[in-house]
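Understanding the architecture of this molecule
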Amino acid sequence: MKVLVAVKRVVDYNVKVRAKADGSDVDLNNVKMAINPFCEIAVEEAVRLKEAGVATEVIAVSVGGKACQEQIRTALALGADRGIQVETESGVEPLVVAKLLKGVVDKEQPQLVILGKQSIDGDNNQTGQMLGALTGMPQGTFASEITVNGEKLKVTREIDGGLQTLSLSLPAIVTTDLRLNEPRYASLPNIMKAKKKQLDVLTPADLGVEVTRHLTQVKVQPPAERQAGIKVEDVAQLVDKLKNEAKVI
Ligand code: AMP
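A short tour of the structure in this document, coming up. Owing to the predicted nature of the structure, the values given are computational and were not obtained by experimental measurement. (Residues numbered from 1 in each chain as written. Predicted model: local features only at pLDDT ≥ 70, side-chain atom pairs only at ≥ 80, totals over all residues. Heavy atoms only, no water.)

1. Considering the overall build of the chain
In terms of helices and strands, the chain carries 6 helices and 11 strands. Principal-axis analysis of the C-alpha atoms gives the chain an extent of 70 × 40 × 40 Å. Sorting the 249 residues of the chain into buried and exposed places 42% on the buried side. Long-range pairs, those at least 24 residues apart, make up 69% of the contacts in the chain between residues at least 6 apart in sequence. Across the chain, the mean location of the 32 positive side-chain charges is 2 Å away from that of the 32 negative side-chain charges. (Helix = DSSP H or I, 4+ residues; strand = E, 2+ residues; numbered from the N terminus. Buried < 20%, exposed > 50% of the residue type's maximum accessible area, 1.4 Å probe, protein only. Contact = heavy atoms within 4.5 Å. Lys, Arg positive; Asp, Glu negative; His and termini not counted. Charge placed at Lys NZ, Arg CZ, Asp CG, Glu CD.)

2. A few points about the side chain of Glu93
Mapped onto the elements, Glu93 comes out in the loop between strand E5 (82–87) and helix H3 (94–108). For the buried Glu93, no salt bridge exists, and the shortest N-O distance to an oppositely charged side chain is 4.2 Å, to Arg213. Excluding residues that lie within four positions of it along the chain, Glu93 makes contacts with Thr212, Arg213, His214 and Leu215. (Salt bridge = Lys/Arg side-chain N within 4 Å of Asp/Glu carboxyl O.)

3. Points about the sheet that holds strand E10 (residues 172–176)
Pairing is mixed across the open sheet formed by 9 strands, whose spatial order is E9-E8-E7-E10-E6-E1-E4-E5-E11. Each edge of the open sheet is held by one strand with a lone partner, namely strand E9 (162–169) and strand E11 (199–202). Ignoring which end each strand starts from, the neighbouring axes of this sheet average 30 degrees apart. Pairing analysis gives 5 bridges linking strand E1 (residues 2–6) to strand E4 (residues 57–64), with the strands arranged parallel. (Pairing = 2+ DSSP bridges. Axes fitted to C-alpha atoms, helices over the stretch in contact; angles between N-to-C directions.)

4. Some details on a nonpolar patch on the surface
Residues Ile230, Val232, Val235, Leu238, Val239, Leu242, Val248 and Ile249 make up a contiguous nonpolar surface patch of about 700 Å² in total accessible area. Relative accessible area serves as the criterion here: at 62%, Ile230 is assigned to the exposed category. (Patch = residues over 30% accessible without salt bridge, like charges linked within 9 Å, V, L, I, M, F, W, Y side chains within 5 Å. Areas by Shrake-Rupley, 256 points an atom, 1.4 Å probe, with all protein chains shown as cover.)

5. Some details on the side chain of Glu45
Within the secondary structure, Glu45 sits in helix H1 (residues 37–51). It is Arg48 that comes nearest to the buried, bridge-free Glu45 among opposite-charge side chains, at 5.1 Å. Once you skip the residues sitting within four places of it in the chain, Glu45 turns out to touch Ile114, Ile146, Leu180 and Asn181.

6. As for the site of the ligand
Around the ligand sit 17 residues, and of these Val63, Ser119, Asn125, Gln126 and Thr127 come closest. In this structure, Ala6 approaches the ligand through a main-chain N or O atom, which is 2.9 Å from an oxygen atom. Taking Asn125, its main chain carries an N or O atom lying 2.7 Å from an oxygen atom of the ligand. Burial of the ligand by the surrounding chains reaches 97%, relative to a free accessible area of 490 Å². Elements that contribute at least two residues to the shell around the ligand include exactly E4 and strand E6 (112–116). Ranked by residues supplied to the shell around the ligand, first place goes to E4 with 3 residues. The residue inventory of the shell around the ligand, partitioned by class, reads 7 nonpolar, 9 polar and 1 charged. (Near = heavy atom within 4 Å. Polar contact = N/O pair within 3.5 Å; in protein donor to acceptor, adjacent residues only side chain to side chain. Nonpolar A, V, L, I, M, F, W, Y, C, P; charged D, E, K, R; others polar.)

7. Points about the environment of Gln118
Counting through the fold element by element, Gln118 comes out in the loop between E6 and helix H4 (127–135). Judged by relative accessible area, which is 23%, Gln118 ranks as partly exposed. Counting along the chain gives 116 residues from Gln118 to Lys2, while the straight-line C-alpha distance between them is 23 Å. Excluding residues that lie within four positions of it along the chain, Gln118 makes contacts with Asn36, Phe38, Asp123, Asn124 and Asn125.

8. Thoughts on the layout of surface pockets
Of the volumes computed, that of the second largest pocket is approximately 670 Å³. Glu40, Thr74, Leu78, Arg184 and Tyr185 are, among the 28 residues lining the second largest pocket, the residues nearest its centre. Elements supplying a minimum of two residues to the lining of the second largest pocket: strand E2 (9–11), strand E3 (33–35), H1, helix H2 (69–78) and helix H5 (188–194). Taken together, the residues of the lining of the second largest pocket break down into 17 nonpolar, 4 polar and 7 charged. (1 Å grid on protein atoms, 1.4 Å probe; cavity = no way out; pocket = protein on both sides within 12 Å on 5 of 7 lines; lining within 4 Å. Points joined across faces, edges and corners; volume = space filled by probe spheres on them.)

9. Quick notes on the state of the cysteines
Counted by the stated rule, this structure contains 0 disulfides. Cys39 forms no disulfide, and the closest cysteine sulfur to it belongs to Cys68, at a distance of 11 Å. By relative accessible area, which is 2% here, Cys68 ends up buried. (Disulfide = S-S within 2.5 Å.)

Take a look at the structure:
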C-alpha cells in the first residue's frame, strides 16, 4: 500500500510570531521554519504503517517554494521513502493546494493520503476536506486512531464531547489530530541518509493545475497587548477594587 503524506512548511511552533510594521503579513525575516506539527504526526503514522508491514512506500509531498525541500528532507529523515515538491510561490491558498495534491494523487495512485488537520500558520483546516471533495475519496478527519483492515480503514475521530468511529473504503484520506501518535525525532544517521533519497520537483503545469487566487489578505495584526497587573495589600482591597474599579462584582 502506497501512502502519500502532505507536509507544509510553517513558522516553528516555538516562535512568537510578529506582524510586519506595515501590517501586510507575518514577518518571516530570520524566523525558524519547521514542518507543521500535524504534518509531523501524519509522517509518523505513515512510517508506523510501513514498519508494521501495512504500507510499502511512503511519499512526502509539499507545495511551495524551494525552501520547502527542507521540510521534505525532514520527512525523509523521519522515514518517508521519497519526496515530491510541487513548486509554487509560498502562501498558495488551500483550494489550490488541494487541486495540486489531487494531481499528485492521480499520478501516484496512493491507497491512503494523510494530511494534518490544520496548518498552524493559516489555521485553515480546509485542505484535506477539499482534497476529499475533488478526488471523491472518503475522508476521516481529526483522526486519533487508524487501523487498516484489508480494503477498509477504521478511523477514530475526535469530535465534540467524544469519539466517533468510521469505516472507510480505501483509497481514503485521513487528517491527523494531536493524539494520533507522538512523532519521533530524526536521528543523525537518518538525516544523513535522507540527503540521498529521491526528491522530484513538479510544476503546477505538470499536474495540469492553474494557480489562481481567490483570497486577498487584507491585514495582519497582533492581539492587543495585555495591560500590566497591580499588587493589592489584602483581600479587602482586592474586593474593593473588583467592586468599585473593575465593577465585576
Ligand atoms: P490547512 O487546510 O491549510 O489547515 O492544512 C491542512 C493540511 O493540509 C496540512 O497539515 C498539510 O498536511 C496540508 N497542506 C496544506 N498546505 C500545504 C502545502 N503547501 N504543502 C503540503 N501540504 C499542505
